[in-house]
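Coordinate analysis (summary)
Listed below, chain by chain, are the residues.
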Amino acid sequence: MINPLFKKIDLQTYKPGRSMLKKTKKVIKLSANESALGVGNRVKKALRNIDKNISKYPDSKFKELTKTISKKFNLNENKIICGAGSDEIIQMLCTLFLNKNDEVIVPEFSFLMYRIYAKIAGAKIIYSKEINFKASINDIIKKVNKKTKIVFLANPNNPTGTYLSKSDLIILRKKLNSKILLVLDDAYFEYMQNKDYSPALDIFKNSKNVFILRTFSKIYGLASLRVGWGYGDKKIIDELYKIKPPFNVNKLAQVCAKEALLDKDHVKKSIKHNLYWCNKIKKELDKFKISTNEITANFFLLNFNKSKLTSKLVSKRLESKGVILREMDSYGIKNCLRVTIGNTYENKFFLKQISKIFKNV
Ligand SMILES: *Cc1c(COP(=O)(O)O)cnc(C)c1O
């Protein structure tokens, strides 16, 4: 027998931050930038009271959720679309905008889903250089040509934790040919306390050529429900609706996302927790010459170039104690690990293991 012919896509299967280890039963997973505090009380309550009737399809237009989003962020409801994670919206954008041989620009150490979906859509990925792990506007502009269709940028960026300031973003949009779609991914904006930072949504609300991504997977703690949203020009949104799988966001996800948005206290608490532990972890790691990016989101890129041990060794030792960090090989970043800020117990345990590993070296 033979296989009917399928397309050959030059890709490796995406490897998520690991959540399991072979030997250890109890695992501290600090590898996927998930919420440190889990979900808040409003979501917990919604989960208890959820309408258990699951035999009917969910709302294909997410009316309740988009209404809540539009109220909270003062947006036109008709310019919002939801996805099974912002991942799905990235995929839909690639389907909508990209033809074979089109080009997409991404910073060299950026979120992997941009290049994966762009490649599946047949586009060529062009990597813009970074300076000290930070996207360079000039290099992005340099890489533009007639084939360029989309520039993807997460701000702050995963996995480097660096960000472009509000004025940087405005300059980038000005310098970039207006025919090119700039996709700005606000996945971690809630955590940002940096004075020169603005979420893309605050800057480009009325832009026709900027598309903004938001997610419920990070500070809101709904990663396993798969729900995110996108905001852009009505014409783009209308086209995305045409290609969207009709019932892409399930009912539970829609209900919980709405409740999560309304739980201001939980978000506040999460931001405070994050800031406290970012400061603490940064200071502790500095003792072992493990350097990090400045404090931005709920994770650090840890650089071991000045430390006495390599990232590989530290990762292995941590794993033997049940602590999983994200290895950076698939991102092409050498001698680094990414650590997510966990809950108090997890952070303390992580720091204790680090200090044990570096004892007597
Ligand atoms: C985690 C993350 C997301 C979220 O993806 P979902 O599909 O919504 O879970 C989006 N963008 C970046 C840069 C991320 O790190």
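Residues numbered from 1 in each chain as written. Predicted model: local features only at pLDDT ≥ 70, side-chain atom pairs only at ≥ 80, totals over all residues. Heavy atoms only, no water.

1. Observations concerning the environment of Asp59
Note the cut-off: Here a helix means four or more residues in a row that DSSP labels H or I, a strand means two or more in a row labelled E, and each is numbered from the N terminus. Note on contacts: a residue pair qualifies if any of its non-hydrogen atoms lie within 4.5 Å across the two residues. A 3.5 Å cut-off defines polar contacts: any pair of N or O atoms within that distance qualifies, except that in protein one atom must be a possible hydrogen donor and the other a possible acceptor, and neighbouring residues in sequence count only when both atoms are side-chain atoms.
Relative to the elements of secondary structure, Asp59 occurs in the loop between helix H1 (41–49) and helix H2 (63–73). Not counting residues up to four positions away in its chain, the partners in contact with Asp59 are Glu64 and Gln254. Within the structure, the side chain of Asp59 is placed 2.8 Å from the backbone nitrogen of Lys61, a separation counted as a polar contact.

2. Some details on the site of the ligand
Using the following cut-off: Residues are classed as near a molecule or strand on a simple rule: at least one heavy atom within 4 Å of it. Note that accessible areas follow from Shrake-Rupley with a 1.4 Å probe, and for residues the cover is restricted to the protein chains shown. Gly is placed with the polar residues, together with every amino acid not listed as nonpolar (Ala, Val, Leu, Ile, Met, Phe, Trp, Tyr, Cys and Pro) or charged (Asp, Glu, Lys and Arg).
Taken together, 14 residues sit near the ligand, with Asp185, Tyr188, Thr215, Ser217 and Lys218 positioned nearest. Contact distances for the ligand include 2.7 Å between an oxygen atom and a backbone N or O atom of Ser86. In isolation the ligand exposes 390 Å². Once the protein is present, 94% of that is buried. Residues of the shell around the ligand, tallied by class, amount to five nonpolar, five polar and four charged.

3. Section: the pairing of strand S2 (residues 80–83)
Defined as follows: Only protein chains enter the accessibility calculation, which uses a 1.4 Å probe. A residue is then buried if its area is under 20% of the maximum for its type, exposed if over 50%, and partly exposed in between. Whether two strands pair comes down to DSSP finding at least two bridges between them.
Neither face of S2 is left uncovered, since the one carrying Ile80 and Cys82 and the one carrying Ile81 and Gly83 both have all their residues buried. Relative to strand S10 (residues 228–231), S2 runs antiparallel, the two sharing four bridges. Its bridge partner being in S10, Ile80 is matched across the sheet by Tyr231.

4. Focus on the domain arrangement of the protein chain
We count it as follows: The split into domains, and so the bounds of each, comes from an automatic or database assignment of domains. Using a 1.4 Å probe, buried area is obtained as the accessible area two parts lose upon being combined, added over both of them. Salt bridges, as used here, are contacts in which a Lys or Arg side-chain nitrogen is within 4 Å of a carboxyl oxygen on Asp or Glu.
Partitioning the protein chain into domains gives domain 1 (28–39 + 265–358) and domain 2 (41–263). Between domain 1 and domain 2, the C-alpha centre-to-centre distance is 25 Å. Between domain 1 and domain 2, the contact holds 28 residues from the first and 29 residues from the second. Here domain 1 and domain 2 share an interface that buries about 2,300 Å² over both sides, 65% of which is from carbon and sulfur atoms. Its largest share of buried area at the contact with domain 2, domain 1 owes to Val39, Thr296 and Tyr331, together 28% of the area lost on that side. The interface formed by domain 1 and domain 2 includes zero salt bridges. In this structure, the connection of domain 1 to domain 2 is made through nine residue pairs in polar contact (both at pLDDT 80 or more). When residues of the side of domain 1 that touches domain 2 are traced back to their parent elements, those giving at least two are helix H10 (264–286) and strand S12 (299–303). Grouping the constituent residues of the side of domain 1 that touches domain 2 by class yields twelve nonpolar, twelve polar and four charged.

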